[in-house]
Amino acid sequence: MSRLLRIGAAQLGPIAREETRAQAVARMIELMHRAHSQGVELVVFPELALTTFFPRWFFEDQAELEAFFEREMPGPETQPLFDTARELGIGFYLGYAELAWEEGRTRHFNTSILVDRSGAIVGKYRKMHLPGHREPESWRPFQHLEKRYFEPGNQGFGTWDAFGGTMGMALCNDRRWPETYRMLALQGVELMMLGYNTPIHYPPVPAHDHLQGFHNHLCMQAGAYQNGMWVVGVAKAGREEGCDLLGQSCIIAPTGEIVAMASTLEDELITYQCDLDRTREIREHIFNFTLHRRPETYQLITQPG
């Protein structure tokens, strides 16, 4: 028995600060057409795919900052993505900066959505694990102000029945935390989509710079294997506004094996036909949660530390 889903991981090269959303969307549409020609049913784009990675700068002008955020989805500049999805019959995952009016105030989230083959939004996720720092630090060659510009996600780890299976989403730093995968696996997720923007240089601990690629794959491969799920990790890559971003977009099987990986730092599409039933190889055997987990012994995990 097989449930086959051809996935496309659509890596993007750098997006310049002056590049418009329309230009970024045109690049993504080109990748969607390329995916369609290869029989892809679901395309995964990176985190903050519509703009440059703006948390690397300190903005004092709120209007200048909020120019990077989407007030509606789809909006006039992103509608062509949804039209293309409907035209081609391809779904997609997209990461972007979301400006929302909730609880009587303006709120800012690092967000991803899942769009089905009809061009309809079927799921939304807001990033939980925000990295970086809140106040600008002059000693850094570039800033990482996600904690300043975004609130932690307030909708939990959701799941969505779509594309013939149970889908989950995460964003960038979420991949480094094992709880992300476990929360999704406990809800039956078979395929997790994740976009990232990862600088190769890590200013607080530069001795780890040469390990960025290793750590990127290590956490996703471990999460896939220990939870019996497919993981699709997709980068915004290359030298963006003087900052080198990691590539290595990949598709990982439930066994933890990388079955497809990008070979450039540019716009690139990699594909793989994923059998969602392969999750059973892990979940019915070595990591059978019902048989082998001991949650009564794990209380420390949820205690404030």
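For the structure itself, look to the data block above.
It should be emphasised that the depicted structure is a prediction, and the values quoted were computed from it without experimental measurement.

Novice: In this structure, what is going on with the packing of helix H1 (residues 21-37) against helix H3 (residues 79-88)? I would like to understand it.
Specialist: The relative placement of two packed helices is expressed as an angle between their axes plus a distance between the axes. One can describe the packing of H1 onto H3 by two numbers: an axis separation of 10 Å at closest approach and a directional angle of 10 degrees. What the angle tells us is that H1 and H3 run roughly parallel. In contact with Val25, Met28, Ile29, Met32, His33 and His36 of H1, H3 contributes Pro80, Leu81, Thr84, Ala85, Glu87 and Leu88. In terms of residue class, the contact of H1 with H3 is made up of eight nonpolar, three polar and one charged.

Novice: What is the right way to look at the packing of aromatic side chains in this model?
Specialist: Between two aromatic rings, the relevant description is the distance of the centres plus the angle of the planes. Per the counting criterion, the structure on display carries 13 aromatic pairs. Taking the centre distance of 5.9 Å and the plane angle of 55 degrees together, the rings of Phe54 and Phe150 count as tilted. Taken together, the residues span a long stretch of sequence, with Phe54 in the loop between strand S2 (42-44) and helix H2 (62-66) and Phe150 in the loop between helix H4 (146-149) and strand S6 (159-162) at a distance of 96 residues. Through successive ring pairs, a cluster of aromatic residues spans Phe54, Trp57, Phe59, Phe68, Phe69, Tyr149 and Phe150.

Novice: Got a minute to help me understand the state of the cysteines in this structure?
Specialist: Put plainly, a disulfide is one covalent bond tying together the sulfur atoms of two cysteines. One pass over the structure, following the stated rule, counts zero disulfides. Cysteine Cys219 is unpaired, with the sulfur of Cys250 as its nearest cysteine sulfur at 9.2 Å. Residue classification places Cys219 among the buried residues on the basis of a relative accessible area of 15%. The class for Cys250 is buried, based on a relative accessible area of 0%.

Novice: I keep staring at H3 and nothing clicks. Help me out?
Specialist: Since the α-helix turns once every 3.6 residues, residues separated by three or four places project in the same direction. Within H3 the residues assigned to the buried category are Leu81, Phe82, Thr84, Ala85 and Leu88. Looking down the long axis of H3, one finds its buried residues gathered within 160 degrees of arc, a one-sided arrangement. On its buried face, H3 sits against H1, strand S3 (91-102), strand S4 (105-115) and strand S5 (121-126). Positive phi appears at Gly89, one or two residues downstream of H3, with a value of about 70 degrees.

Novice: Teacher, can you tell me more about the pattern of salt bridges here?
Specialist: Two side chains bearing opposite charge may form a pair once their charged atoms approach each other closely. Inspection of every chain in the model, using the stated rule, returns 27 salt bridges. Note that Arg17 and Glu64 form a salt bridge whose closest N and O atoms lie 3.1 Å from each other. Here Arg17, found in the loop between strand S1 (4-11) and H1, pairs with Glu64, found in helix H2; they are 47 residues apart in sequence, far enough to count as distant. When its relative accessible area of 34% is taken as the criterion, Arg17 is described as partly exposed. Classification of Glu64 as partly exposed rests on a relative accessible area of 36%. Through salt bridges with shared partners, a single ionic network connects Glu98, Glu102, Glu103, Arg105, Arg107, Lys124, Arg126 and Glu151.

Novice: Explain the sheet that holds strand S14 (residues 268-275) here, please?
Specialist: Strand pairing in a sheet is mediated by backbone hydrogen bonds. Such pairs are either parallel or antiparallel. Read across the open sheet, the six strands follow the order S5-S4-S3-S2-S1-S14; overall the sheet is mixed. This sheet does not close on itself; its edge strands, each paired only once, are S5 and S14. Neighbour to neighbour, the strand axes of the sheet diverge by 35 degrees on average, direction disregarded. Contacting S1, S2, S3 and S14, H1 runs over the sheet at an angle of about 45 degrees to S14. The strands touched by H3 are S3, S4 and S5; relative to S3, the strand with the most contacts, the crossing angle is about 145 degrees.

Novice: How should the sheet that holds strand S13 (residues 258-261) be read in this particular structure?
Specialist: Strand order in this open sheet of six strands is S6-S7-S8-S9-S12-S13, and the pairing throughout is mixed. Two strands close off the open sheet at either side, each with one partner strand: S6 and S13. The average angle at which neighbouring strand axes cross in this sheet is 20 degrees, direction not considered. Bridging between strand S8 (residues 191-196) and strand S9 (residues 230-235) involves six bridges; their strand directions are parallel. By the bridge assignment for S9, Leu191 is matched with Trp230. Helix-sheet contacts for helix H6 (residues 212-227) involve S8, S9, strand S12 (250-252) and S13, and the interaxial angle to S12 is about 30 degrees.

Calculation rules
Within any chain, residue numbers begin from 1 and follow the written order of that chain's sequence. In keeping with the predicted nature of the model, local features appear solely for residues at pLDDT of at least 70, side-chain atom pairs appear and are counted solely at 80 or more, and the whole-chain, interface and lining totals rest on all residues. Excluded from the side-chain calculations are hydrogens and water; all other atoms, namely the structure's heavy atoms, are used. The axes used here are C-alpha line fits, helices contributing only the stretch in contact, and every angle between their N-to-C directions lies in the interval 0 to 180 degrees. Strands here mean DSSP runs of E at least two residues long; helices mean DSSP runs of H or I at least four residues long; both are numbered from the N terminus. Under this scheme an angle from 65 to 115 degrees is roughly perpendicular, one under 35 degrees roughly parallel, and one over 145 degrees roughly antiparallel; angles in between are oblique. Note on definitions: a residue-residue contact is assigned when non-hydrogen atoms from the two residues lie within 4.5 Å. Following the grouping adopted for this structure description, the nonpolar residues are Ala, Val, Leu, Ile, Met, Phe, Trp, Tyr, Cys and Pro, the charged ones are Asp, Glu, Lys and Arg, and the polar ones are all others, Gly among them. In this scheme Phe, Tyr and Trp rings, the latter by its six-membered ring, pair at centre separations within 6.5 Å, and the angle between planes marks the pair as stacked below 30 degrees, edge-to-face above 60, and tilted otherwise. We call a pair of cysteine sulfur atoms a disulfide when they lie within 2.5 Å. Three exposure classes are used, based on accessible area relative to the maximum for each residue type with a 1.4 Å probe and protein chains only: buried under 20%, partly exposed in between, and exposed over 50%. To be clear, the arc concerns the directions from the helix axis to the C-beta atoms. Each salt bridge in this description consists of a side-chain nitrogen of Lys or Arg and a carboxyl oxygen of Asp or Glu lying within 4 Å of one another. Strands were regarded as paired on the criterion that DSSP finds at least two bridges between them.

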